[in-house]
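So you can see what is in the structure, the chains are spelled out below.
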Amino acid sequence: MLIEIEAGAPYGVAAGPDGALWFTLVHQGGVGRLVPGGEPEIRRLDPAGGKPMVITRGADGAMWFTEGGARPEDGRIGRVTMAGEITHHPAPAPYGLAAGPDGALWFTSMQPGGVGRVAPDGTVTVFPLPVEGGMPAGIAAGPDDALWFTLNQADAVGRISLAGEMTLHALPTAGAAPVGITAGPDGALWFAEIGAGQVGRVDVTGKVTEFPLPDPGCRPHAIVTGPDGALWFTEWAAGRLGRITVDGTVEEHPLPRLEAPGGGEPPAPEPHGLCVGPDGAIWVALEAGALARLP
């Protein structure tokens, strides 16, 4: 199923507590809401140039999203309630976002490089990285009461405790450039290596295993645990959705394409974020201008 979003380019998508899908419009500066089977509702952000990207459900029942901004100092973390009320917290160049086990929202700060925390009272704290230029990207709550994050430019995966103590684990592959990360069904963290065309696994002791994908140039981007006990991930360059079991078996599924105006070549889907929807299906945000549901 393909649902065209005429208002713009979906980037992140997440299931809300209201039985709806919530998504970001990265180029148009908006947050959308879609109940499967209904029509999308769009809430415009002010200003509109903040580039909203990752979106997730918070412990407070609201949806939270990152806006990287045109400059690091323009970044902010947004919060939208089910009633549509939007508020913001300043944050330096945020990208990844995850609800922590402490009731706070944790985020990655790509520049200058750190992991941040938005407390329930709105207080923002940023913990600097122990390396320069690491460019933290995705972040996820682990099974060990800590947050795990990827370092896109340092070829590493990091762990940060709720007190802000960090440990980094180097990846075996140079140029792996990990982005998305998620808690797996097996007690480990799974991540997408966009630079190497691999999916990786790291357990809580720091042991890393990498699984090469059939197409090394597919540019895997985001990853989630599916309702079937497997990991699902987007292949940005190939316009596909991938599935990998915990033993490393890989399947790939082509994503539907929008019709091109005038009957020309359909635009590339450009899949980015994905989630398990309120209907139990996998939903994917396509920057080409749609949300896709599989199956």
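Within each chain, residue numbers correspond to sequence positions counted from 1 in written order. Since the coordinates come from a predicted model, pLDDT governs what is reported: local features require at least 70, and pairs of side-chain atoms require 80 or more to be given and counted, while whole-chain, interface and lining totals use all residues. The basis for every side-chain value is the complete set of heavy atoms in the structure, and neither hydrogens nor water enter the calculation.

Strands pair, by our definition, only if DSSP identifies at least two bridges between them. Here a strand is any run of E in DSSP of at least two residues, a helix any run of H or I of at least four, and the numbering for each starts at the N terminus. Judged by pairing direction, the sheet is antiparallel, and its four strands sit side by side in the order 2-3-4-5 without closing on themselves. The two strands at the open ends of the sheet, each matched to only one other strand, are strand 2 (10–15) and strand 5 (41–44). Pairs of neighbouring strands in the sheet enclose a mean axial angle of 20°, with direction left out of account. Sheet topology places strand 4 (residues 30–34) next to strand 5; four bridges connect them, and they run antiparallel. Bridge pairing in strand 5 links Arg33 to Glu41. Fitted lines through C-alpha atoms give the axes, limited to the stretch in contact for helices. The angle between two N-to-C directions lies from 0 to 180 degrees.

Each aromatic ring pair is characterised by the separation of its centres together with the angle its planes make. Side-chain rings of Phe, Tyr and Trp (the six-membered ring for Trp) are treated as a pair once their centres are within 6.5 Å; stacked means planes under 30 degrees apart, edge-to-face means over 60, and tilted covers the remaining angles. Here the structure, examined in full by the defined rule, presents three aromatic pairs. Seen from their ring centres, Tyr11 and Tyr95 are 6.4 Å apart, and the 80° between their planes marks the pair as edge-to-face. Separated by 84 residues along the polypeptide, Tyr11 in strand 2 and Tyr95 in strand 10 (residues 94–99) bring together distant segments of the chain. Per-residue accessibility, obtained with a 1.4 Å probe over protein chains only, is compared with the maximum for each type, and a residue is labelled buried under 20%, exposed over 50%, and partly exposed between these values. Judged by its relative accessible area of 9%, Tyr11 is buried. By relative accessible area, Tyr95 is classed as buried at 9%.

Moving on to a negative patch on the surface. Together, Glu4, Glu6, Glu39 and Glu259 give the surface a local cluster of negative charge. Considering the arrangement of structural elements, one finds Glu259 in the loop between strand 25 (250–254) and strand 26 (271–276). Here Glu259 falls in the exposed class, since its relative accessible area comes to 77%. What makes a patch is a set of residues exposed beyond 30% relative accessible area and free of salt bridges, joined within 9 Å when like-charged and within 5 Å when nonpolar (Val, Leu, Ile, Met, Phe, Trp, Tyr). Using a 1.4 Å probe, the Shrake-Rupley method yields the accessible areas, and only the shown protein chains count as cover for residues. Salt bridge, as used here: a side-chain nitrogen of Lys or Arg that lies within 4 Å of a carboxyl oxygen of Asp or Glu. Only four residue types enter the tally: Lys and Arg on the positive side, Asp and Glu on the negative side, with His and both chain ends excluded. Every charge is mapped to an atom, namely NZ of Lys, CZ of Arg, CG of Asp or CD of Glu.

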